[in-house]
Protein chains: 2
Amino acid sequence: MEQMKSKAPQRTKKPLPSLAELQNGILKNNLALLSRAITLVESTRPEHQAVAHKLVEHALQQKTDTLRIGITGVPGVGKSTFIEQFGKMITQRGKKVAVLTVDPSSSKSKGSILGDKTRMQALVQDPNAYIRPSASGTSLGGVTRKTRESITLLEAAGYDVIIVETVGVGQSETAVHDMVDFFLLLKLAGAGDELQGIKRGIVEMAHAIAINKADGPNKKEAARAQTEFARALHLFPPKENGWVPKVVCCSALENTGLDALWEMMLAYVKDSKASGYFTDNRSQQNAHWLHQHLEHRLVSDFYGHKSIKTVLPQYLREVTEGKTSPFAAAEALLQRYREE
Amino acid sequence: MEQMKSKAPQRTKKPLPSLAELQNGILKNNLALLSRAITLVESTRPEHQAVAHKLVEHALQQKTDTLRIGITGVPGVGKSTFIEQFGKMITQRGKKVAVLTVDPSSSKSKGSILGDKTRMQALVQDPNAYIRPSASGTSLGGVTRKTRESITLLEAAGYDVIIVETVGVGQSETAVHDMVDFFLLLKLAGAGDELQGIKRGIVEMAHAIAINKADGPNKKEAARAQTEFARALHLFPPKENGWVPKVVCCSALENTGLDALWEMMLAYVKDSKASGYFTDNRSQQNAHWLHQHLEHRLVSDFYGHKSIKTVLPQYLREVTEGKTSPFAAAEALLQRYREE
C-alpha cells in the first residue's frame, strides 16, 4: 500500500498540517492530527519521514508514565474479543488505552484492516480508547520500527496503556517483546500441545499466559491446562528480574479473570519499578532501537542515493544474467557510493 | 564461538594457506582445504572475510550443474536419519552429495555440533559425501549469508547435490528457501494438525511434503495423512512455475519411498529447466543475494569504522541514560560517519 502511495502521490490531496500543528495536536490528543502523525510515521516517503522524525523526537521529550503491553496468540484464540474487553476494563478504571495491531498479513488486503477496526466496535466508541490497525509495510523490520515510533506518539498524546497486538508467528513476537514492558501470551486449553516445541521461544518471552475462553464447558479443561502450564513454566529459568511467569484463566466472553490479570500486571510493574528493572529494560530497548534505526538509515540512505538509484538496475541485470557475481556487483556499488 | 576466536586470535596457530592453494584445493575437492575455506567464509574477522570473498568470487566463476535441496521439519521428525539414507541413495547413483546444516541452536554448544556430525556416521564415511554442520553466528542473517557462500564453494568442489538442512522454526526456512532449487518439508502422520495455521508459510514454500516414518504400524496413518495433505495443498495457489506440490510417504528407517522422491525431484528439475524457470529462479536468488550482501556490508562497514567504534559506546550510554533519544543519537553518529 505504501508503495502504491509513493507511485501515486497525488492521491493524498489533504495539505500537510505544519509541524507545530501536528506537535500540538498530539499533545492535545486531537485524534485527526494524531492519526495523521502516525500515518506520517508509517509513510516511506522521505519528506514524510523527515517530519515524522521530528514528531517522534518531540514526543520522546514528553515525560510520561505508561505501560506497554504486548499481546500475542495464534488466530482463533480470541485476541480481538479479549483486547476489547480488557481495554474496556482498563478505561473503566480511569486509564486511557491505545491499541496497535501488528499483523503481517494485514498489509495484503485493505479489507482485513477495516475488518479489524469494526472487530472491536465497543472499544472504538470508547472516548478513552484509540485503535490503530497498523498499515504495515511488507517487511517486518518496517513494522517494528514504525510501531515503536507510533507508541511514542501515543504516549505523548496521553495514553496510559499501549497494547501492541501481534499474531503468533514467531518473528513479530520477538520484535514486539523488544518494545513492551509486559508480554502476554493467549492460549486455549487443549489446543496444540505438539506446538510447544516450536513456540517455546514465545513461551519463554511471556510474562504471563492467559488461558482464554475458560467459560461454560471449557472451564474444567482450562483449569487443568493452567496447572500444566504453570508446572511447565517453572522448568524455564526465571526472568532476568526474577519474575516467575504466571498462568491465569479468563473468559473475554463472560468477562471473567480480566481484573485479576490487570492486577497482576500492576503488581509486576510495581515490583519491577522498585527493583529498577522497569527502567533498565526500557533503556536497553532504547539502545536496541538506536541500532535498528542506524541500520535502517544506512540501508535506506544507500538505496535512496541518486547515483545508486541510477546504476542499481544495471547491476541487478548483470547479476541475474550471470554476467557478474553478486559479490563483485556489491563491491562496485559500494565503491561508487563511497566516492560520491 | 567466533567472538571468542577474535578475542583470542592466538588460538588459530595453523598458518593460512595461500589464496591459490585454497582455490586449487577447492577445485580438487581437497577436504582439508575445502573445510578451511568454509571456516574462512564463516569467520567474522575482516582479514578472513577478504580471503573468503575472493574464494567465493573464484568459485562462482566455475561452471557447475548442481541441485540445491532445502530440507526442513520440526525436531523429532527424523531429519538426520532421512538425510543420511537419502544422501547414501544419491551417492549410490553416482552423484556427490554435500550436507550443510543450518541449526540456529547449534551455535550454543560445541557438543551439539559434534553430536550432529556423528549422527550421520554412514554418510560421513562415504567418500562421495561431505557433511558440514554450520558453526553459525548468532544472527540468522549471518547463517544465511554464510550458507549461501558455502554452497558456492561446495559446488566448485564438484558436489552435484547440496542439501541444506534446517529446523522448522520459520525464519530460517524462508532464508533457506531463498537459496535452494527444491524445498522439502518432512512431516509425521497424525502430529500437529493445529500447527498448520502457524506453519502455513512453510507449507506454502514446499515443493514436496514427505510423510516420514511411514513404516510398521504407522503405514496406514501415513497413507491417510498423505491423502489429506495432498487435498490441502490443492487449496494453495500453484507455484510460479505451475508446479503442484506433491506429497509422498517414506521411511528412512526401512529405506522406502526415497527413490521415488528422488525421481520426483529429478522430474521437477527437468521440467523447470525446460521452462526456463530453474535458471530464472537462480537469477532472482542472486539478485536477492546482492541486496543482502550490500546491506550487510553497509552495516558492518559502519560498525567497523574506527571513529564509530570510539564514540558509539558514549552515545549508547547517553541513550540508555535517557539523556538523548535513539533518533538524535543515530543522526549524530551518521553525521560523523559521513564526514569522515
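Rules and cut-offs
- Residues numbered from 1 in each chain as written.
- Chains lettered and ligands numbered in written order.
- Predicted model: local features only at pLDDT ≥ 70, side-chain atom pairs only at ≥ 80, totals over all residues.
- Heavy atoms only, no water.
- Helix = DSSP H or I, 4+ residues; strand = E, 2+ residues; numbered from the N terminus.
- Buried < 20%, exposed > 50% of the residue type's maximum accessible area, 1.4 Å probe, protein only.
- Contact = heavy atoms within 4.5 Å.
- Areas by Shrake-Rupley, 256 points an atom, 1.4 Å probe, with all protein chains shown as cover.
- Axes fitted to C-alpha atoms, helices over the stretch in contact; angles between N-to-C directions.
- Parallel < 35°, antiparallel > 145°, perpendicular 65-115°, else oblique.
- Left-handed = near helix turned anticlockwise from the far one by under 90°.
- Expected span 1.5 Å × (residues − 1).
- Arc of directions from axis to C-beta.
- Least-squares fit on C-alpha atoms with pLDDT ≥ 70 in both.
- Polar contact = N/O pair within 3.5 Å; in protein donor to acceptor, adjacent residues only side chain to side chain.
- Salt bridge = Lys/Arg side-chain N within 4 Å of Asp/Glu carboxyl O.
- Phe/Tyr/Trp six-rings, centres within 6.5 Å; stacked < 30°, edge-to-face > 60°.
- Pairing = 2+ DSSP bridges.
- Nonpolar A, V, L, I, M, F, W, Y, C, P; charged D, E, K, R; others polar.
- pLDDT = per-residue confidence, 0-100.
- Buried area = accessible area lost by both parts, 1.4 Å probe.

Right, let's talk about the overall build of chain A for a bit. A count of helical and extended segments in chain A gives 15 helices and 7 strands. Looking at the 340 residues of chain A, the share that counts as buried comes to 51%. Put simply, of all contacts in chain A between residues at least 6 apart along the chain, 75% involve residues at least 24 apart. Accessible surface, chain A as shown: approximately 15700 Å² in total, 54% of it carbon and sulfur.

Time to look at the packing of helix α14 (residues 306-320) of chain B against helix α15 (residues 326-339) of chain B. Residue and element names in this part refer to chain B. Where α14 contacts α15, the two axes come as close as 10 Å, and the packing angle between them is 165 degrees. What the angle tells us is that α14 and α15 run roughly antiparallel. Once α14 is placed against α15, the crossing between them reads as right-handed. Contact with α14, carried on its side by Ser307, Ile308, Val311, Leu312, Tyr315 and Val319, involves Pro326, Ala329, Ala332, Leu333, Arg336 and Tyr337 of α15 and no other residues of that element.

What follows covers α15 of chain B. Residues and elements named next belong to chain B. Taking 1.5 Å per residue as the helical rise, α15 with its 14 residues ought to reach 20 Å, and the 20 Å between its terminal C-alpha atoms agrees with that figure. Those residues of α15 lying buried are Pro326, Phe327, Ala329, Ala330, Leu333 and Leu334. The arc that holds every buried residue of α15, seen down its axis, measures 165 degrees, which confines them to one face.

Moving on, we get to the relation of the copies chain A and chain B. The transform that puts chain A on chain B rotates by 179 degrees and translates by 0.0 Å along the axis, for an RMSD of 0.1 Å. A rotation of that kind, with that shift, is consistent with a two-fold axis. An overlap of 100% is found between the interface residues of chain A and their copies at the interface of chain B, pointing to a shared contact surface.

A separate point is the side chain of Asn212 of chain A. Residue and element names in this part refer to chain A. Inspection of the secondary structure puts Asn212 in strand β6 (residues 208-212). By relative accessible area, which is 3% here, Asn212 ends up buried. Polar contacts involving the side chain of Asn212 include one to the main-chain amide nitrogen of Ala252, which spans 3.4 Å. The residues contacting Asn212, other than those within four sequence positions of it, are Val77, Gly78, Phe82, Lys187, Leu188, Cys250, Ser251 and Ala252.

On to the pattern of salt bridges, then. All names here are of chain A. Under the counting rule described, the total for this entry stands at 26 salt bridges over all chains. Where Asp259 meets Arg93, a salt bridge forms, and the shortest distance between an N and an O atom there is 2.9 Å. Taken as a pair, Asp259 in helix α12 (residues 258-274) and Arg93 in the loop between α5 (79-92) and β2 (97-102) lie far apart in primary sequence, 166 residues in all. Among the residues examined, Arg93 registers a relative accessible area of 37% and is labelled partly exposed.

Here the focus is the packing of aromatic side chains. Residue and element names in this part refer to chain A. Evaluation of the coordinates by the stated rule reveals 16 aromatic pairs over all chains. Taking the centre distance of 6.1 Å and the plane angle of 80 degrees together, the rings of Phe86 and Trp262 count as edge-to-face. Residue Phe86 is located in helix α5, and its partner Trp262 is located in helix α12; the two are separated by 176 residues in the primary sequence. In this structure Phe86 comes out as buried when scored by relative accessible area, which is 0%.

All names here are of chain B. Along its 15 residues, helix α11 (residues 219-233) runs 21 Å from first to last C-alpha, staying within 8% of the 21 Å computed at 1.5 Å per residue. Every buried residue of α11 is accounted for by Ala222, Ala225, Phe229 and Leu233. What you see down the axis of α11 is that its buried residues fit within an arc of 65 degrees, all on one side. Facing away from the buried side of α11 by over 90 degrees, the exposed positions are Lys220, Arg224 and Arg231.

Residue and element names in this part refer to chain A. Counting buried positions over the 7 residues of strand β1 (residues 67-73) gives 7, a clear majority of the element. Every second residue of β1 is oriented toward a common face, with Leu67, Ile69, Ile71 and Gly73 on one face and Arg68, Gly70 and Thr72 on the other, all of them buried. In this sheet, strand β4 (residues 161-167) lies alongside β1 in parallel orientation, the contact comprising 7 bridges. Paired with Thr72 across the bridge in β4 is Thr166. In this sheet, strand β5 (residues 182-188) lies alongside β1 in parallel orientation, the contact comprising 4 bridges. The residue bridging Gly70 from the neighbouring strand is Phe183, located in β5.

We now examine the packing of helix α2 (residues 19-27) of chain B against helix α3 (residues 31-42) of chain B. Residue and element names in this part refer to chain B. Viewed as axis vectors pointing N to C, α2 and α3 meet at an angle of 120 degrees, and their least axial separation amounts to 8 Å. The crossing of α2 and α3 is left-handed. The residues of α3 that touch α2, namely those facing Glu21, Leu22, Gly25 and Ile26, are Leu33, Leu34, Arg36, Ala37 and Leu40. Grouping the constituent residues of the contact of α2 with α3 by class yields 6 nonpolar, 1 polar and 2 charged.

Residues and elements named next belong to chain A. When pLDDT is averaged across chain A, the result is 83; 83% of the residues are at 70 or more. When pLDDT is averaged over each element of chain A, helix α2 (residues 19-27) comes out on top at 97 and helix α1 (residues 2-7) at the bottom at 42. Considering only residues more than four positions removed or in separate chains, one finds that residues 137-142, a stretch of pLDDT under 50, has 6 contacts. As scored by the predictor, the complex reaches a pTM of 0.75 and an ipTM of 0.75.

Here we take up the environment of Asp178 of chain B. Residue and element names in this part refer to chain B. Here Asp178 shows up in the loop between α9 (171-177) and β5 (182-188). Measuring from C-alpha to C-alpha, the distance between Asp178 and Ala52 comes to 21 Å, with 126 residues separating the pair along the chain. Once residues lying within four places of it in the same chain are set aside, the contact partners of Asp178 are Arg148, Gln285 and His288. Polar contacts involving the side chain of Asp178 include one to the side chain of His288, which spans 3.1 Å.

Every contact between the two is made by 44 residues of chain A and, on the other side, 44 residues of chain B. Both faces considered, chain A and chain B share a buried interface measuring about 4000 Å² in area, 73% of it formed by carbon and sulfur atoms. Inspection of the region where chain A meets chain B yields 4 salt bridges. The tally of links between chain A and chain B comes to 14 residue pairs in polar contact (both at pLDDT 80 or more). For the side of chain A that touches chain B, the secondary-structure elements that each account for two or more residues are α4 (46-60), α10 (196-205), α13 (277-304), α14 (306-320) and α15 (326-339) of chain A. If one sorts the elements of the side of chain A that touches chain B by residue count, α13 of chain A sits on top with 16 residues. In the side of chain A that touches chain B, the residues fall into 24 nonpolar, 11 polar and 9 charged.

All names here are of chain B. Position of His48 relative to the elements: it lies in helix α4 (residues 46-60). His48 sits in the buried class, given a relative accessible area of 14%. Within the local environment of His48, its side chain forms a polar contact with the side chain of Ser43, the two groups lying 2.8 Å apart. With residues near it in sequence (within four places) discarded, His48 still touches Leu40 and Ser43.

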